[in-house]
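Architecture at a glance
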Amino acid sequence: QVQLVESGGGLVQAGGSLRLSCAASGRTFSTYNMGWFRQAPGKEREFVAAITWNSGATYYAGSVKGRFTISRDNAKNTVSLQMNSLKPEDTAVYYCAVAILGRNPTAATQYGVWGQGTQVTVSS
């Protein structure tokens, strides 16, 4: 069974950092693009960052560009999200996902496998 498990969430003060990790099991995703999304209470799920299968390209939402960095390790079947200079508005449940379509890495509709999410809370 294909599974994605996120970890690394928690409570941090504004200006702090967290590193999220996503471990894939059940099959290798080394040939698939992967992404991170987030959903805050009462809001739609939104794109955060994505990375192509060979780490050749990365994509970021404007709200996190320059603060977050996505990376992957295909040998370990993991993808990570380094989050620096966190703001209270970054508070959300963060999900990693595997893209099954390759046309638009920022669109949630392109992703077919999702993790259960990890909570990130940034206090002011």
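Counting starts from 1 at the beginning of each chain's written sequence and moves along it residue by residue. With pLDDT at 70 or above as the cut-off, local features in this predicted model cover only qualifying residues; side-chain atom pairs require 80 or more to be listed or tallied, and sums for whole chains, interfaces and linings still use all residues. With hydrogens and water set aside, each side-chain value is computed from the structure's full complement of heavy atoms.

Focus: the environment of Asp-73
Test applied: Runs of H or I in DSSP of at least four residues are treated as helices and runs of E of at least two as strands, each being numbered from the N terminus. When accessible area is computed with a 1.4 Å probe and restricted to protein chains, residues below 20% of their type maximum are described as buried, those above 50% as exposed, and intermediate ones as partly exposed. In protein, a polar contact means a hydrogen-donor-capable atom and an acceptor-capable atom, both N or O and within 3.5 Å, with residues adjacent in sequence counting only if both atoms are side-chain atoms; elsewhere, any N or O pair within 3.5 Å suffices.
With respect to the helices, strands and loops of the structure, Asp-73 is situated in strand E7 (residues 68–73). Look at Asp-73 and you get partly exposed, because its relative accessible area is 28%. Placed 13 residues apart in sequence, Asp-73 and Leu-86 show a C-alpha to C-alpha distance of 24 Å. Separated by 3.1 Å, the side chain of Asp-73 and the backbone nitrogen of Ala-75 make a polar contact.

Concerning the pattern of salt bridges
Note the following rule: In the sections that follow, a salt bridge refers to a side-chain nitrogen of Lys or Arg positioned within 4 Å of a carboxyl oxygen of Asp or Glu.
The final tally for this structure, using the stated rule, is three salt bridges. A salt bridge links Arg-38 to Glu-46, with the shortest nitrogen-to-oxygen separation between them at 2.6 Å. A relative accessible area of 36% places Glu-46 in the partly exposed class. One salt bridge in this structure joins Arg-67 and Asp-90, with 2.8 Å as the shortest N-O distance. You can see Arg-67 sitting in the loop between strand E6 (58–60) and E7 and its partner Asp-90 sitting in the loop between strand E8 (78–83) and strand E9 (92–99), a full 23 residues away along the chain.

What about the pairing of strand E3 (residues 18–25)?
As a reminder, the rule being used: Whether two strands pair comes down to DSSP finding at least two bridges between them.
On E3, burial follows the alternation: Leu-18, Leu-20, Cys-22 and Ala-24 on one face are buried, whereas Arg-19, Ser-21, Ala-23 and Ser-25 on the facing-out side are not. Inspection of the sheet shows strand E1 (residues 3–7) paired to E3 by five bridges, in the antiparallel sense. Paired with Ser-7 across the two strands is Ser-21, which belongs to E3. Note: E3 against E8, six bridges, orientation antiparallel. For Leu-18, the partnering residue across the bridge sits in E8 and is Met-83.

Side note on the packing of aromatic side chains
As a reminder of what qualifies: Stacked, tilted and edge-to-face pairs are distinguished by plane angle, under 30 degrees for stacked and over 60 for edge-to-face with tilted covering the rest, among Phe, Tyr and Trp rings (Trp via its six-membered ring) whose centres lie within 6.5 Å. Lysine and arginine charges are scored as sitting over a ring when NZ or CZ, respectively, is within 6 Å of the ring centre and within 35 degrees of the ring normal.
Under the criterion given, the structure shown has five aromatic pairs. Ring geometry for Phe-37 and Phe-47: centres 5.7 Å apart, planes at 75°, overall edge-to-face. Of this pair, Phe-37 sits in strand E4 (residues 34–39) while Phe-47 sits in strand E5 (residues 46–51), and the two are 10 residues apart along the sequence. For the ring pair Phe-37 and Tyr-111, a centre distance of 5.0 Å and an interplane angle of 75° mean the geometry is edge-to-face. In this pair, Phe-37 sits in strand E4 while Tyr-111 sits in strand E10 (residues 111–114), placing the two residues 74 residues apart along the sequence. For the residue pair Phe-37 and Tyr-111, the accessibility class agrees, reading buried in each case. Members of the aromatic cluster, joined through ring pairs, are Phe-37, Phe-47, Tyr-111 and Trp-114. Across from the ring centre of Tyr-95, 3.9 Å away, lies the NZ or CZ of Arg-45, which sits over that ring. One residue, Arg-45, lies across the ring of Trp-114, its end atom 4.6 Å from the ring centre.

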